[in-house]
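The primary structure of each chain is shown beneath.
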Amino acid sequence: MEISRRDVLKGAAAGALMAAAGPAVAQPATGAAIEPNDRVFICNEDSNTLAVIDPRSNTVETTVNLTSFDEDPRPPFRFVTGGVMPTHAAMIAKPLYHGAILIHGAVPSPDGRYVVSTGRGSSNVYITDTTAKRVAGSTPNPQAGPTTNAERLTTGILVGREPHEPTFTRNGKEIWVTVRGEDRIAVIDAEAAIRASGGGQSAALRSYVSTLNGPSQVWFSADGRLAFVASQKVSQVEVINVDYDAEGRSRPTSKVVVDISAQDPVGFTPFLKLSPDGTEMWLSHKLADRVSALDTRSPGRSLDRVSLGPQARPNHVEFVENARGRVVYVSLARVDDGGPGDVASSQIAIIDRATPAGQRQVVGTFFTRGREAHGLWTNPSHTLLYVAHEQDELPGTPAAGQTVASAFDVSNPLAPTFLAQIPLGSLALPSGQLRNKKSINLVYVRPGARSQSA
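This is a predicted model, so every value here is computed, not measured.

Caption draft 1: Spotlight on the nonpolar core. By size, the foremost hydrophobic cluster in this structure holds 61 residues, and its most contacted members are Ile42, Ile53, Leu66, Ile175, Ile188 and Tyr386. Sequence-distant contacts of tyrosine 386, that is, excluding residues within four places in its chain, are made with Val40, Ile53, Pro55, Asn58, Gly375, Leu376, Trp377, Ser406, Ala407, Ile422, Leu442 and Tyr444. Core analysis: the next-biggest nonpolar cluster, separate from the first, contains 16 residues, Ala312, Phe319, Leu332 and Ala349 among them.

Caption draft 2: How the structure looks around the sheet that holds strand E18 (residues 253–259). Strand order in this open sheet of four strands is E15-E16-E17-E18, and the pairing throughout is antiparallel. At either margin of the open sheet sits one strand with a lone partner, and together these are strand E15 (215–220) and E18. Taken pair by pair, the neighbouring strands of this sheet meet at an average axis angle of 25 degrees, ignoring direction. Pairing of strand E17 (residues 236–241) with E18, which is carried by six bridges, proceeds in the antiparallel orientation.

Caption draft 3: Expanded view of the packing of aromatic side chains. Tallied over the full model, the rule gives seven aromatic pairs. Judged by centre distance (5.0 Å) and plane angle (75 degrees), the ring pair of tryptophan 176 and phenylalanine 220 falls under edge-to-face. In this pair, tryptophan 176 sits in strand E12 (residues 174–179) while phenylalanine 220 sits in strand E15, placing the two residues 44 residues apart along the sequence. Note on accessibility: tryptophan 176 and phenylalanine 220 belong to one class, buried. For the pair phenylalanine 408 and phenylalanine 418, a centre-to-centre distance of 5.7 Å together with 65 degrees between the ring planes defines the contact as edge-to-face. Residue phenylalanine 408 is located in strand E29 (residues 404–409), and its partner phenylalanine 418 is located in strand E30 (residues 417–423); the two are separated by ten residues in the primary sequence. Its relative accessible area of 28% is what places phenylalanine 418 among the partly exposed residues. Three or more aromatic residues link up through ring pairs in this structure, and these residues are Tyr329, Phe366, Phe408 and Phe418. Taking the ring centre of tryptophan 377 as reference, the NZ or CZ of lysine 273 above it sits at 3.7 Å. The positively charged end of arginine 369 is found above the aromatic ring belonging to phenylalanine 418, 3.9 Å away from the centroid.

Caption draft 4: Structural context of the side chain of serine 345. Within the secondary structure, serine 345 is located in the loop between strand E24 (325–332) and strand E25 (347–352). Serine 345 gets classed as buried once you look at its relative accessible area, which sits at 2%. Within polar-contact distance, the side chain of serine 345 engages the backbone nitrogen of threonine 368 at 3.4 Å. From its side chain, serine 345 meets the backbone nitrogen of arginine 369 in a polar contact 3.1 Å long.

Definitions and limits used
- Residues numbered from 1 in each chain as written.
- Predicted model: local features only at pLDDT ≥ 70, side-chain atom pairs only at ≥ 80, totals over all residues.
- Heavy atoms only, no water.
- Core = buried A, V, L, I, M, F, W, Y, C linked by side-chain atoms within 4.5 Å.
- Buried < 20%, exposed > 50% of the residue type's maximum accessible area, 1.4 Å probe, protein only.
- Contact = heavy atoms within 4.5 Å.
- Pairing = 2+ DSSP bridges.
- Helix = DSSP H or I, 4+ residues; strand = E, 2+ residues; numbered from the N terminus.
- Axes fitted to C-alpha atoms, helices over the stretch in contact; angles between N-to-C directions.
- Phe/Tyr/Trp six-rings, centres within 6.5 Å; stacked < 30°, edge-to-face > 60°.
- Lys NZ or Arg CZ within 6 Å of the ring centre and 35° of its normal.
- Polar contact = N/O pair within 3.5 Å; in protein donor to acceptor, adjacent residues only side chain to side chain.

Here's what the structure looks like:
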């Protein structure tokens, strides 16, 4: 996909004309662009940590530890033993390791007070308090001391093989987790999960919902009454009636299975998300190098199918809607030469959503300043964008050997401005430095405010 800066500027000009003609439909801001408690939480899959960025400084404030290293002073429990730091594969296979394996997906609670993340290799989910930046359910370590950690990590909530992405129901009562290695969704009682501790969190698992084979993610309609389920094994989307009871608990039944083979003939759709106005569900088709949109008011109706170019490999989508435009951003895993400073970088595709449905297309791209772009999330006022990356930076660059996140000013959604490349650094364990590595999903949270899952 070769799109010049002239094309981007032409798109920006078109967007400005549309804004002048009439205001864009935008998600209301909930305060300033950045408030004191705002934080960005990033899932680091190879280190099993959550990097926490303070958007006021665009630096890593802390790292949440989801490993079980250094809970015991004896060698089998240590991260570094005899001065030897293990490879990733050896790290999670060490004797007596009970921590997370492959921390991957994440979602904020509707009030932004918690982030739920999945350990796709350890078959469980963890809940992190976004204010305390502490894993809920972890307990004091009876062997705490100068060479050991103060806490013992909870086992989390076991849900099944290969959990991919978690999602809260709109009322916040439940957490739905797609169990990608199976054909079902785990339904967790959110309140029970948050208040439980240690291994007792397994009691929070309410039930399973049978669904498509290889479910990748669930996202709910704006009113919360429909759940849309994508798959990474079949070219289908299932729409489920949530059917809340008097206490707000779900009683799910299948409504319709939509054939999306025209959009995704390969059957590999890892991600979907609802537009801010609630009318469109956008899906990324990673191996088909496309994204598409379904009409949520008529779930079988296709609205758009947008090609992204050869080997684009789209990961996530995110919406930015403000007074200067309405766009869909798509993170591309492909790494392109010729980035800023002549350093290889991934790109973000810009789709102008102000164009009528059925006519949307890519109007520009911008380099992310990192390699293999994955997670995307905007702040509540839709003026900042954060991007996660899977690969480390190249030798000879300022952040060589580091996984980085990137921040952009998207006050003009059609012409984003680069703000910062943020090296994610390391978690300081008593026995050594565990580097934050291979970022997948990220979320921007404002504790106490309405989040995107509300």
